[in-house]
Amino acid sequence: MTTSPVRIVTAASLFDGHDAAITVIRRVLQSRGAEVIHLGHDRSVADVVKAAVEEDAHGVAVSSYQGGHVEYFGYLVDQLREQGSCARVFGGGGGVIVPSEIDELAAKGVTVYSPGDGQRLGLQGMADEVIAACREVQQATLGEPVEALPQRLPRTITLLGEGVAVAVPEGRPLTLGVTGTGGSGKSSLTDELLLRFRRDSPQLSIAVLAVDPTARRGGALLGDRIRMNALDGVYFRSLATRGATGGIPRGLDDMVRACGAAGHDLVIVETPGMGQGDAAIADHADAVLYVMTPDYGAATQLEKIAALDVADLVAINKFDRRGADDARRDVARQLIRNRGAFGQSWQSQPVVGTIASRVGDGGVDELFRRLREVLGDRLAGSREEIPGQARVDESRGQASGPRAIIPPARERYLSEVATIVRDYHLETGRLVDAVRRHDQVEAVAAMLDDPSPLDSLRTEQPAAVADLLSQWHAQPEPETFETLSGTHLPKTALPAELETGALVRYLRAENRPGVFPFTAGVFPAKRSGERPTRMFAGEGDAARTNRRFHLLAQGQPSTRLSTAFDSVTLYGRDPARQPDIYGKVGTSGVSIATLDDMRDLFAGFDLADPKTSVSMTINGPAPTILAMFFNAAIDAAGDPDVVRRVRGTVQADILKEDQGQNTCLFSIDFSLRAMADVQQWFVDHGVKSFYSVSISGYHIAEAGANPITQLALTLANGFTYVETYLARGMAVDDFAPNLSFFFSNGMDAEYSVIGRVARRIWAIALRERYGAGERAQKLKYHIQTSGRSLHAAEMGFNDIRTTLQALCAFYDSANSLHTNAYDEAVTTPSPESVRRALAIQLIIDSEWGLAGVDNPLQGSYLIDELTELVEEAVLAEFDRLADRGGVLGAMETGYQRGLIQDESMLYESRKHDGSLPIIGVNTFVGDDDDNAPAPALARGTVEEKESQLARLADFHARHADEAPAALERLKAVALAGGNLFDELMQTVRVASLGQITEAFFEVGGRYRRTM
């Protein structure tokens, strides 16, 4: 009986970015001794099956939160068996996979763990059950003869790793060793090289053996596969060192020969992150590529890197970091010393600067060119030029490429903001002291018959103070309203008589609503005739969601529509009959694939009416969806200039997607460029009533962040967009008014001041640092009550939590509000639950007495103190982000994701042990009622799915002659650096969402997942 670790593939299902749960599970599996091949989020059945087969996995564990569970898991089992894999299949999805679906999947051989199973077994208990079941598969398969198996190479490598003698033909295929320091980006660079090999030499058959270390306690995270986007037609196998020294697993040479015997012309062996003394890969490869970063310390450290003695090529990756040019020079000089090549110039050495994270990076192109030279004639059939290859700057050893998103000189922008806000408050203290000295001297002088002895102490009030006081005394008395009891209350509560110093502090730190720094609100009063209510809907096809919109808007003084898209749309794809896609069409959101769908979605609404606004919750494909929306508005109005009058928001926040929600489609660089193109189009076309981005903390909070982290990361992302657009040459007053924000309101105390703190930091920074005008200084934001606080247990209690969170939003002057329905813990809300959720807002707005006051929280000692504490905590996080190179630098190391996961784990552990009481969940728990009716599940119907497929086919047929040319024009604009959105406005008229996404993949690259 073998004692080798079982191998388990883990992933989140297709079009599903909820990877927090599977991340926790894979960590527990590793801690219990398993070797885990983690694929991350948004994985199709084809992805999972390819991994399971090539990795010779014993089990597959998939989380599924976005619907289509039965179709996905059933298809997964069928495909595994068809490919000859005996891997066991495990799943989980919290409360969204209901008992009837769990039973149906069990009949297909899928073990699904419910929340009740989690409470009964605990994480370790579940992991132990999974490993035990996988161990049975392992024992059963190891005894089978290799020759009888349909997947000979994967099993051969497994046996060689076990030390089993397997006859492997002599003769090693061409082998490239890729080694380097941990965190240098070896996997990303390997992926970029694979992409170029496939494009340059499509006939070449390639295998990749990627090695990761085994933990001391056993188990291993085999994490290289998650970074790969270019594996079509490539065999990829993850290996663990299992105690072997030098990063070379047992039997590696035989494994390489086995790859050659299976028909692979080139084998790439990627080692784990290596120390200075490791160069063992040179004994197992024909050529060695050493990958490092500019951050190696003093130049003398280079003398200790043994791999530099054997490397045929050196890539200094992450070449956009500070000091990269010096690093290339120093490494090249070290190569000269190592090789005694003192007559050569350092510029001639095989050292190339690369940025593997950048699509089409010229440095990677140059590295690939040199690699082909090193590998020589054995790469038969290679073309001489790479299509679109960048111009090579021989003096730098790397090809020229796109400029940095944010100039290196602006790297510490967040620390600047923190300093400016703190300095503003320090200046407030100085002004308060000066005013009080002035008033005290004047008060004494007024009591003296001869005040002349005080002349040397008498001063004028500071000009800034005089202006503030003048504006304060010139304001009219606030309007009042009368209660049923006959009490007259002001609509705006103002402080009573204050001594001048206290008044100055109030005016600079708080002020009345609508006045800088906008702590109490960005408008002097609530908008009359329009409630902050958002009417959120999305299910099935466009017609069904349109009916729901009309139901929600009926009788309301204004129409504020908020659109939820299904996961197929969120990931920029078209509906399809493929089972892992089909099950998700029109589920948990509306399916929108074409301009026809968009027109039907908003049929019957006047999108140009100033009392109508539309919010669209979509990110990765946001520019395409926005182009469809604007075209629908133009077609309905018959006026291209209608875009200047349309009100609304598109979320389009790609930074938070990387940090928390995972609906990134393209590279971050390309996505940011597309966002900037949208904003530039807004500026050029006078679009001032529509927000080009909703900078979102909501999904950061839903991923697990506490309220302070939600606020800090969201504001930091906002300032990153400011810096990005400024670097593009836009003026702050032209784009900042088109930025909006989106926060979650949960149950923590800090949520009471999230809006106050956000508005004040933003206003001070925009005015004092960026020189923005008043309109740009006003931070406007939407609140959605916390989805994370909705629990499947005692669902009726959820409305109580939502009511408190909504009240908090009203008190903090949120500009718009969506209240979740109580049954969203398990399904898309029913009409009844949506009506109750909407009633929560209406009752607060119409019946709750204090809702008549625009600023009921101002003047509270506790709120004042909480505001100061939260603000300083946010500024401290800005400093930490600045130390990591700003938001983009921190994203590169996964800092934000790690922070969110740590806070999520704290919440879950405290919920589990009861130290964080949650009524109806871990305390005040009611009796189980097995006879209670199960909630009705809202799903896209078969009729709606079939209708969408038919409509899409009809659209494709009608535009079959126009679409190819339009897509080629779109790609040409992208490659030429033109405005993508300007061209998209034409492309969406003849091409579907999925067609456009595929075109962008070709020119913008696919998003590379992180661990």
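Residues numbered from 1 in each chain as written. Predicted model: local features only at pLDDT ≥ 70, side-chain atom pairs only at ≥ 80, totals over all residues. Heavy atoms only, no water.

Trainee: Help me out: how do you make sense of the overall build of the protein chain in this one?
Mentor: Within the protein chain, the regular secondary structure consists of 35 helices and 26 strands. Here the C-alpha radius of gyration of the protein chain, 31 Å, is about what a compact globule of 1011 residues would show, namely 30 Å. In terms of principal-axis extent, the alpha carbons of the protein chain reach across some 110 × 80 × 60 Å. The proportion of buried residues among the 1011 residues of the protein chain is 58%. In the protein chain, the proportion of contacts linking residues at least 24 apart, taken out of those at least 6 apart, comes to 77%. In the structure as shown, the protein chain presents an accessible area of about 39400 Å², 52% of it carried by carbon and sulfur atoms. For the protein chain, the centre of its 102 positive side-chain charges and the centre of its 135 negative side-chain charges are spaced 3 Å apart. (Helix = DSSP H or I, 4+ residues; strand = E, 2+ residues; numbered from the N terminus. Rg over C-alpha atoms; globule rule 2.2 N^0.38 Å. Buried < 20%, exposed > 50% of the residue type's maximum accessible area, 1.4 Å probe, protein only. Contact = heavy atoms within 4.5 Å. Areas by Shrake-Rupley, 256 points an atom, 1.4 Å probe, with all protein chains shown as cover. Lys, Arg positive; Asp, Glu negative; His and termini not counted. Charge placed at Lys NZ, Arg CZ, Asp CG, Glu CD.)

Trainee: Is there a simple way to explain helix 34 (residues 980-987) in this structure?
Mentor: Given 3.6 residues to a turn, an α-helix orients residues that are three or four positions apart in the same direction. Counted residue by residue, helix 34 has six buried out of eight residues, so it is predominantly covered. Along helix 34, the positions that sit buried rather than exposed are Leu980, Phe981, Glu983, Leu984, Met985 and Thr987. Where the residues of helix 34 are buried, they touch helix 19 (622-637), helix 21 (668-685), helix 33 (963-976) and helix 35 (993-1004). Where helix 34 starts, the residue carrying a side-chain oxygen 3.0 Å from the main-chain nitrogen of Phe981 turns out to be Asn979. (Polar contact = N/O pair within 3.5 Å; in protein donor to acceptor, adjacent residues only side chain to side chain.)

Trainee: Please clarify how the pairing of strand 4 (residues 88-92) should be interpreted in this entry.
Mentor: Note on strand geometry: in a regular strand, side chains alternate between the two faces of the sheet. Of all five residues in strand 4, four are buried; the element is thus mostly enclosed. This β-α-β element, strand 3 (residues 59-63) to helix 3 (residues 69-82) to strand 4, shows right-handed connectivity. (Right-handed = clockwise from strand over helix to strand, strands pointing away.)

Trainee: Sorry if this is basic, but what is going on with the domain arrangement of the protein chain here?
Mentor: It is common to give the size of an interface as the accessible area lost on bringing the parts into contact. For the protein chain, the assigned domains are domain 1 (7-142), domain 2 (169-380), domain 3 (535-913) and domain 4 (949-1004). Domain 1 and domain 4 are separated by 36 Å when their C-alpha centres are compared. (Domains from an automatic or database assignment.)

Trainee: Any chance you could explain the side chain of Ser904 here in plain terms?
Mentor: The topology assignment puts Ser904 in helix 31 (residues 895-913). Judged by its relative accessible area of 12%, Ser904 is buried. Apart from residues no more than four positions distant in its own chain, Ser904 is found in contact with Ala703, Gly704 and Arg788.

Trainee: I keep staring at the environment of Leu866 and nothing clicks. Help me out?
Mentor: Within the secondary structure, Leu866 is located in helix 29 (residues 861-883). The spacing of Leu866 and Ile700 is 166 residues in sequence and 21 Å in space, taken between C-alpha atoms. The contacts of Leu866, once residues within four sequence positions are left out, are Ala749, Glu750 and Val753.

Trainee: How should the pairing of strand 10 (residues 266-273) be read in this particular structure?
Mentor: Burial analysis of strand 10 places seven of its eight residues in the buried class, the great majority of the element. As paired elements, strand 6 (residues 174-180) and strand 10 share six bridges and run parallel to each other. The residue of strand 10 that forms the bridge with Gly180 is Gly273. (Pairing = 2+ DSSP bridges.)

Trainee: How should the sheet that holds strand 22 (residues 690-691) be read in this particular structure?
Mentor: Sheets are built from strands paired through backbone hydrogen bonds, the pairs being either parallel or antiparallel. Strand order across the open sheet formed by five strands is 18-19-20-21-22, with parallel pairing between neighbours. Edge positions in the open sheet fall to strand 18 (535-537) and strand 22, since each of these has one partner strand only. Helix 19 contacts strand 20 (612-617), strand 21 (647-650) and strand 22 of the sheet and is inclined by roughly 155° relative to strand 20. (Axes fitted to C-alpha atoms, helices over the stretch in contact; angles between N-to-C directions.)

Trainee: Just to check I follow, could you spell out the nonpolar core for this structure?
Mentor: One recurring pattern in soluble globular proteins: nonpolar side chains tend to sit buried together. Counting 96 residues, the largest nonpolar core has Leu76, Met598, Met616, Phe629, Phe630 and Phe690 as the members making the most contacts within it. When residues of this core are assigned to their parent elements, the largest contribution, 10 residues, is made by helix 19. Those residues in contact with Met598 that sit more than four places away from it in its chain are Ile592, Met616, Ile625, Met628, Phe629 and Ala632. Counting 84 residues, the second largest nonpolar core, distinct from the first, contains Leu414, Val421, Ala772 and Ile863. (Core = buried A, V, L, I, M, F, W, Y, C linked by side-chain atoms within 4.5 Å.)

Trainee: Hey, could you run me through the packing of aromatic side chains in this one?
Mentor: What describes a pair of aromatic rings is the distance from one ring centre to the other and the angle between the planes of the rings. The tally for this structure, following the rule as stated, stands at 32 aromatic pairs. Arranged with centres 5.9 Å apart and planes meeting at 25°, the rings of Phe630 and Trp681 form a pair that is stacked. Of this pair, Phe630 sits in helix 19 while Trp681 sits in helix 21, and the two are 51 residues apart along the sequence. The exposure classification of Phe630 matches that of Trp681, with both residues buried. The interplanar angle of 35° and the centroid separation of 6.4 Å between the aromatic rings of Tyr721 and Tyr725 together place this pair among those described as tilted. Placement of the pair is Tyr721 and Tyr725 together in helix 23 (residues 707-727), with a separation of four residues, close to one helical turn. The class for Tyr721 is buried, based on a relative accessible area of 0%. A network of ring pairs unites the aromatic residues Phe549, Phe602, Phe605, Phe629, Phe630, Trp681, Phe682, Phe690 and Phe981 as a single cluster. One cation-aromatic arrangement involves Arg769 over Tyr770; the distance from NZ or CZ to the ring centre is 5.0 Å. (Phe/Tyr/Trp six-rings, centres within 6.5 Å; stacked < 30°, edge-to-face > 60°. Lys NZ or Arg CZ within 6 Å of the ring centre and 35° of its normal.)

Trainee: Even after reading the chapter, I still don't get the confidence of the model for the protein chain, so can you show me in this structure?
Mentor: Detailed reading of predicted coordinates is not advised where the pLDDT is low. Taken residue by residue, the protein chain gives an average pLDDT of 91. The fraction at 70 or more is 94%. Considering only residues more than four positions removed or in separate chains, one finds that residues 381-396, a stretch of pLDDT under 50, has 37 contacts. (pLDDT = per-residue confidence, 0-100.)

Trainee: Can you walk me through empty space enclosed by the protein in this structure?
Mentor: In this approach a probe as big as a water molecule rolls over the atoms, and the regions it shows empty are the leftover space. All chains considered together, the criterion is met by six cavities of 30 Å³ or more. A volume near 110 Å³ is recorded for the largest cavity. What lines the largest cavity is a set of 14 residues, and nearest its centre among them are Asn619, Gly620, Pro623, Ser671 and Ala674. With four residues, the single largest contributor to the lining of the largest cavity is helix 21. Considered class by class, the residues forming the lining of the largest cavity number 10 nonpolar, four polar and no charged. (1 Å grid on protein atoms, 1.4 Å probe; cavity = no way out; pocket = protein on both sides within 12 Å on 5 of 7 lines; lining within 4 Å. Points joined across faces, edges and corners; volume = space filled by probe spheres on them. Nonpolar A, V, L, I, M, F, W, Y, C, P; charged D, E, K, R; others polar.)

Trainee: What is the right way to read the sheet that holds strand 26 (residues 816-818) from this model?
Mentor: Strand order in the open sheet formed by four strands is 23-24-25-26, and the pairing between neighbours is parallel. Across the chains shown, the open sheet's two edge strands, defined by having one partner strand only, are strand 23 (693-696) and strand 26. Taking each pair of neighbouring strands and ignoring which way they run, the sheet shows an average axis angle of 25°. Relative to strand 25 (residues 781-785), strand 24 (residues 739-745) runs parallel, the two being bridged by five bridges. Counted as the bridge partner of Phe743 is Ile783 from strand 25. Contacting strand 23 and strand 24, helix 23 runs over the sheet at an angle of about 170° to strand 24.

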